[in-house]
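Geometric and topological summary
Spelled out from the first residue to the last, the chains are:
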Amino acid sequence: MAERLALPLLLPNPPPPKPPFLNQTHHQQENPTLLPNSPPPSTPILQDLLLRHSAKPVQPIEPQVRSRNRIGRSRDLNRGKPWTHKRLSTLGQQVLNSLIDPSFDSNQLDSVLSKLFEQYQENPDAKTEFLTAEVLGVVKGLGFYKKSDLALGVFNWVKGRKDHELVLNSSIVAVIISMLGKEGKVSVAANLLKSLHKEGFSLDVYAYTSLITAYASSGRYREAMVVFQKMQEEGCKPTLITYNVILNVYGKMGMPWRKITALVDGMKSDGVAPDAYTYNTLISCCRRGSLHEEAALVFNEMKSAGFSPDNVTYNALLDVYGKSWRPKEAMEVLKEMELNGFAPSIVTYNSLISAYARDGLLDEAMDLKTQMEGKGIKPDVFTYTTLLSGFEKAGKDESALGVFEEMRSGGCRPNICTFNALIKMHGNRGKFTEMMKVFDEIKACNGTPDIVTWNTLLAVFGQNCMDSEVSGVFKEMKRAGFVPERDTFNTLISAYSRCGSFDQAITVYKSMLEAGVTPDLSTYNAVLAALARGGLWKQSEKILAEMKDGRCKPNELTYCSLLHVYANGKQVDRMLALAEEIYSEMGE
């Protein structure tokens, strides 16, 4: 096998993240190391795919800033009126109005802000905290009007004064950093904090938390973790908000459950009590590893602590049960939810439909869609894509295409997830021409292939034992600016395993660990499947132990691979013992 697949896999290991307090440049992804220049010849279909994709100039992939709109009643106290700050004086409001005037020129900054300071210089009885409040109010006002560059200009102007230490405080810094983060200028925010730290400026937990939140919101989770660690080294104790943001980061990074609970234990030992948001985030953290039992325990602890579950709580718990293939428990959550006066939303039904679709109960999933429509809730792109994927998985292509046609006729535009599901369906059936038509339709709809698109192509070619195509697609994926993440590693492990190269599969797994990517249930199952093909039962037992240590629960696929590896390794006694253990657990 190894001789046949002579192409070494060179995965780019990302460098350790630089803390914002070291020499930091604008955030960019490392140029990925390309595969050797002599890959095996590609099929015409793959060549067509690569040529069409390469025809577009390669653009760097910038982190997407997710904008979140609050659901429910607006918290804007001004309710559409011109922005005002209760602690801003009449002169302060005049200064703000001058700054937001469309005719304002940055060269006028000195003359406009000087008026604010002259007032307090002429009044010896005025306290500097009033001037601090004025600057803070002006900065917040500029943030309201989304003028972060001008707000930073105001900050730097004040900072250039000899008396700036009496005026500027960490609250102003926190507002500036938060503002820059919301506008996607995270690197600017990090550089600001770095320079202030270097100059000896006193930074408090709110300034650090603002930068952590900015990193987390832009998907730069490792850098958020670095700031969190640095903050603690500086002697700043995290607040409840800090812990909640980091908990969310842990969940996004797929951290093992033991590390998540260790963080919560540390939080409690610091005298910081969890709130409803903490519990909701903990339940959400259980999605990745299908930790439905842990989610249920958190749910009960939340109620014991005196917090009433809300829509977010119920929907998160429903999603955990859905991803754990437990539709019955999900329905029980729905009943409790409605009993407590919470009306199910589109999010609720999508989680329920996902639970039934994952379990292959497609008739029940369609009944839920009908029930949802009966309550006046219109299916969205997630509803249709979930059903489409469910029918695809069941091999019911006509039903899947029927869902797609209903979706389009109903005016619901497909998204990249929908197209990825169609690519997977056609690819799994070996219908590469149809697969390419879907790929072309992505561009026709002004879409762009995402990481899942590339992962799907890797999986399709891997399942068809087309190892040269796997290597070729992976090469083009990196050339397009994508850095491998957990799902990519999982797909590569499975792909090389199916192609009969379990040595390459294990190499990918090692590269994944070296890159600091945490394995999940899919990773372990993919590795075990690769080891099973080679009959490497000792290594499989080590992987199982590592899996349990990380609180990642084995499932049916895990035990199937273990039985397979014992069979291929001629370990009949171990195979029979495991089978007996499985049957005994089923009888309990």
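**Quick notes on the overall build of the protein**
Across its full length, the protein holds 30 helices and zero strands. Here the protein holds 588 residues, and the buried ones make up 48% of them.

**Topic: the environment of Val565**
Among the secondary structure elements, Val565 is positioned in helix H29 (residues 556-568). Val565 gets classed as buried once you look at its relative accessible area, which sits at 1%. Here the alpha-carbon distance between Val565 and Arg533, two residues 32 residues apart in the chain, equals 6.7 Å.

**Points about helix H11 (residues 240-253)**
With 14 residues, H11 ought to run about 20 Å at 1.5 Å a step, and its terminal C-alpha atoms sit 20 Å apart, in line with that. Every buried residue of H11 is listed here: Thr242, Tyr243, Asn244, Val245, Ile246, Leu247, Val249, Tyr250 and Met253. Residues of H11 that are buried sit in contact with helix H9 (205-217), helix H10 (221-233), helix H12 (257-269), helix H13 (276-285) and helix H25 (486-498). One or two residues past the end of H11 sits Gly254, with phi positive at roughly 70 degrees.

**Observations regarding the nonpolar core**
In terms of nonpolar packing, the biggest core is built from 166 residues, with Leu99, Val139, Val173 and Ile176 touching the most fellow members. For Leu99, the contacting residues outside a window of four places in its chain are Phe104, Leu109, Val112, Leu113, Val138, Leu142, Leu150 and Val154.

**Focus: the pattern of salt bridges**
Scanning the entire structure with this criterion turns up 22 salt bridges. With its nearest N and O atoms 3.0 Å apart, the salt bridge here joins Arg287 to Asp319. Of this pair, Arg287 sits in the loop between H13 and helix H14 (292-304) while Asp319 sits in helix H15 (residues 311-323), and the two are 32 residues apart along the sequence. With relative accessibility at 29%, the residue Arg287 sits in the partly exposed group. Note that Glu329 and Arg326 form a salt bridge whose closest N and O atoms lie 3.0 Å from each other. Judged by its relative accessible area of 29%, Glu329 falls in the partly exposed class. Connected through salt bridges with shared partners, the residues Asp149, Glu183 and Lys185 form a single ionic network.

**A word on the packing of aromatic side chains**
What the rule picks out here adds up to six aromatic pairs. Seen in terms of ring centroids, Tyr279 and Phe307 are 5.8 Å apart; in terms of plane orientation they differ by 50 degrees. Their pairing is tilted. Of the two residues, Tyr279 is situated in helix H13 and Phe307 in the loop between H14 and H15; the sequence distance between them amounts to 28 residues. Ring centres 5.7 Å apart and planes at 55 degrees place the aromatic pair Tyr314 and Phe342 in the tilted group. In this pair, Tyr314 is assigned in helix H15 and Phe342 in the loop between helix H16 (327-339) and helix H17 (346-358), connecting sequence segments 28 residues apart. You can call Tyr314 buried: its relative accessible area is 0%. One aromatic cluster in this structure is built from Phe299, Tyr314 and Phe342.

**Let's talk about the state of the cysteines**
The tally for this structure, following the rule as stated, stands at zero disulfides. Summary of cysteine pairing: Cys285 is not part of a disulfide, and the nearest cysteine sulfur, belonging to Cys286, is at 6.9 Å.

**So, helix H18 (residues 362-374)**
Helix length check: H18, at 13 residues, gives a terminal C-alpha distance of 18 Å against a target of 18 Å (1.5 Å per residue), a fit within 8%. Along H18, the residues classified as buried are Leu362, Ala365, Leu368, Lys369 and Met372. One side of H18 carries all its buried residues, which in axial view fall inside an arc of 110 degrees. Within H18, the exposed residues directed more than 90 degrees away from the buried face are Asp363, Asp367 and Gly374. Turning to H18, the residues buried within the fold contact H17, helix H19 (381-393) and helix H20 (397-409). Count one or two residues on from H18 and you reach Gly376, which has phi positive near 85 degrees.

**Describing unusual backbone geometry**
Most peptide bonds are trans, and most residues other than glycine sit at a negative phi. Here the phi dihedral of Trp325 falls at roughly 60 degrees; this positive angle occurs in a residue that is not glycine. The exposure class assigned to Trp325 is partly exposed, which follows from its relative accessible area of 43%. At Cys465, a position not held by glycine, the phi torsion is positive, near 55 degrees. On the accessibility criterion, Cys465 (44% relative accessible area) is partly exposed.

**Details of the packing of H19 against H20**
Running from N to C, H19 and H20 point in directions that differ by 165 degrees, and their axes come no closer than 8 Å. Here H19 lies roughly antiparallel to H20, going by the angle between them. Of the two possible hands of crossing, H19 and H20 adopt the one that is left-handed. For the pair H19 and H20, the contacting residues are Val381, Tyr384, Leu387, Leu388, Phe391 and Glu392 in the first and Ser399, Ala400, Val403, Phe404, Glu406 and Met407 in the second. Across the contact of H19 with H20, the residue classes break down as nine nonpolar, one polar and two charged.

**Observations regarding the packing of H25 against helix H27 (residues 521-534)**
In the contact formed by H25 and H27, the axes pass within 9 Å of each other and the chain directions differ by 15 degrees. Regarding the angle of H25 to H27, the classification is roughly parallel. For the crossing formed where H25 meets H27, the hand is left-handed. Where H25 abuts H27, its residues Arg486, Asn490, Ile493, Ser494, Ser497 and Arg498 lie against Ser522, Thr523, Ala526, Val527, Ala529, Ala530 and Arg533. Taken together, the residues of the contact of H25 with H27 break down into five nonpolar, five polar and three charged.

**A closer look at the environment of Lys252**
Relative to the helices and strands, Lys252 resides in helix H11. In this structure the C-alpha to C-alpha distance between Lys252 and Arg288, which are 36 residues apart in sequence, comes to 8.8 Å.

**Considerations on the confidence of the model for the protein**
Mean pLDDT over the protein stands at 80; residues scoring 70 or higher make up 82%. Counting interchain partners and residues more than four positions distant, the pLDDT-below-50 stretch residues 1-46 has 98 contacts. Scored below 50 in pLDDT, residues 52-80 shows 37 contacts in the model against residues more than four places distant or in partner chains.

**Remarks on the environment of Val226**
Assignment of secondary structure puts Val226 in helix H10. Look at Val226 and you get buried, because its relative accessible area is 13%. A C-alpha to C-alpha distance of 8.8 Å links Val226 and Ile212, two positions 14 residues apart in sequence.

Here is what the cut-offs are and how they apply
Residues numbered from 1 in each chain as written. Predicted model: local features only at pLDDT ≥ 70, side-chain atom pairs only at ≥ 80, totals over all residues. Heavy atoms only, no water. Helix = DSSP H or I, 4+ residues; strand = E, 2+ residues; numbered from the N terminus. Buried < 20%, exposed > 50% of the residue type's maximum accessible area, 1.4 Å probe, protein only. Expected span 1.5 Å × (residues − 1). Contact = heavy atoms within 4.5 Å. Core = buried A, V, L, I, M, F, W, Y, C linked by side-chain atoms within 4.5 Å. Salt bridge = Lys/Arg side-chain N within 4 Å of Asp/Glu carboxyl O. Phe/Tyr/Trp six-rings, centres within 6.5 Å; stacked < 30°, edge-to-face > 60°. Disulfide = S-S within 2.5 Å. Arc of directions from axis to C-beta. Axes fitted to C-alpha atoms, helices over the stretch in contact; angles between N-to-C directions. Parallel < 35°, antiparallel > 145°, perpendicular 65-115°, else oblique. Left-handed = near helix turned anticlockwise from the far one by under 90°. Nonpolar A, V, L, I, M, F, W, Y, C, P; charged D, E, K, R; others polar. pLDDT = per-residue confidence, 0-100.

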